[in-house]
Amino acid sequence: MIPVRSVLANALLLAAAIASGAETRVLAPAESDGRALVASVVAGATSDLLVLDGGHARGLRPGAVCTLSRAGSPLGSVIVAESGLARSVALVLELAPGASVAAGDLVSVRANPRL
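Description of the structure in this document.

What about the nonpolar core?
Counting residues in hydrophobic clusters, the biggest one holds 15 residues, and the most contacted among them are Val38, Leu50, Leu52, Cys66, Leu68, Val78 and Val107. Among the elements that make up this core, the one with the highest residue count is strand β4 (residues 73-83) (three residues).

Written out as C-alpha cells, the structure reads:
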C-alpha cells in the first residue's frame, strides 16, 4: 500500500508541472462561486488527477474538499491539490461505483468539507 503522504506529494509535483506548462487566460472577471469544470483527466497508478478550468479567481484553494457531479448527479469527491489564478489540479478521493470522470464534469466546493 502506498502512503497517502507519498501520493499527495507526487500529486503536487505533477500539478506544478501541469500548471507551469498550461497557458491560461482570464478573458473576463470570474465570479468566486467555488465551482469549476473539469478541463482534463490525468490517469494515475493509484488515483486520477483532474485539471480544473478555475482557480483562485473562482474560490478554489489548496485543501478544499469538493463534490464532483455531472448533470446535477453526484459522482464522488475530490480535494484541490494546487491552485493558480485560473487553473487548479484536484486529486480524486472517491467515486461512486461504476462512475468515471470526464471533461465537462462540475467540481463544487463543499460548504461542510467532511470526508
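Here's the deal with the pairing of strand β1 (residues 35-42)
Summarising the sheet, β1 and strand β6 (residues 106-109) pair through three bridges and their orientation is antiparallel. By the bridge assignment, Leu37 is partnered in β6 with Leu106. Note that β1 and strand β2 (residues 49-52) share four bridges and pair antiparallel. Each residue of the ladder has a partner; that of Val38, found in β2, is Leu52. Remark: six residues form the turn of the hairpin made by β1 and β2, two consecutive strands paired antiparallel.

Looking at the pattern of salt bridges
Considering all chains together, one arrives at three salt bridges under this definition. One salt bridge connects Arg87 with Asp53, and the closest N-O pair in it is separated by 3.5 Å. Residue Arg87 is found in the loop between β4 and β5 (88-95), and its partner Asp53 is found in the loop between β2 and β3 (65-70); the two are separated by 34 residues along the sequence. Since its relative accessible area comes to 26%, Arg87 is described here as partly exposed. Under the relative-accessibility criterion, Asp53 is labelled partly exposed at 48%.

Brief notes about the sheet that holds β1
Reading around the barrel, the six strands line up as β1-β2-β5-β4-β3-β6 and close back on themselves, with antiparallel pairing between neighbours. For this sheet the average axis-to-axis angle between neighbouring strands, irrespective of direction, equals 45 degrees. Two strands pair when backbone bridges link them, and β3 and β4 are joined in this way by six bridges, in the antiparallel orientation. The partner of Cys66 across the bridge, within β4, is Val78.

Calculation notes
- Residues numbered from 1 in each chain as written.
- Predicted model: local features only at pLDDT ≥ 70, side-chain atom pairs only at ≥ 80, totals over all residues.
- Heavy atoms only, no water.
- Core = buried A, V, L, I, M, F, W, Y, C linked by side-chain atoms within 4.5 Å.
- Buried < 20%, exposed > 50% of the residue type's maximum accessible area, 1.4 Å probe, protein only.
- Helix = DSSP H or I, 4+ residues; strand = E, 2+ residues; numbered from the N terminus.
- Pairing = 2+ DSSP bridges.
- Salt bridge = Lys/Arg side-chain N within 4 Å of Asp/Glu carboxyl O.
- Axes fitted to C-alpha atoms, helices over the stretch in contact; angles between N-to-C directions.

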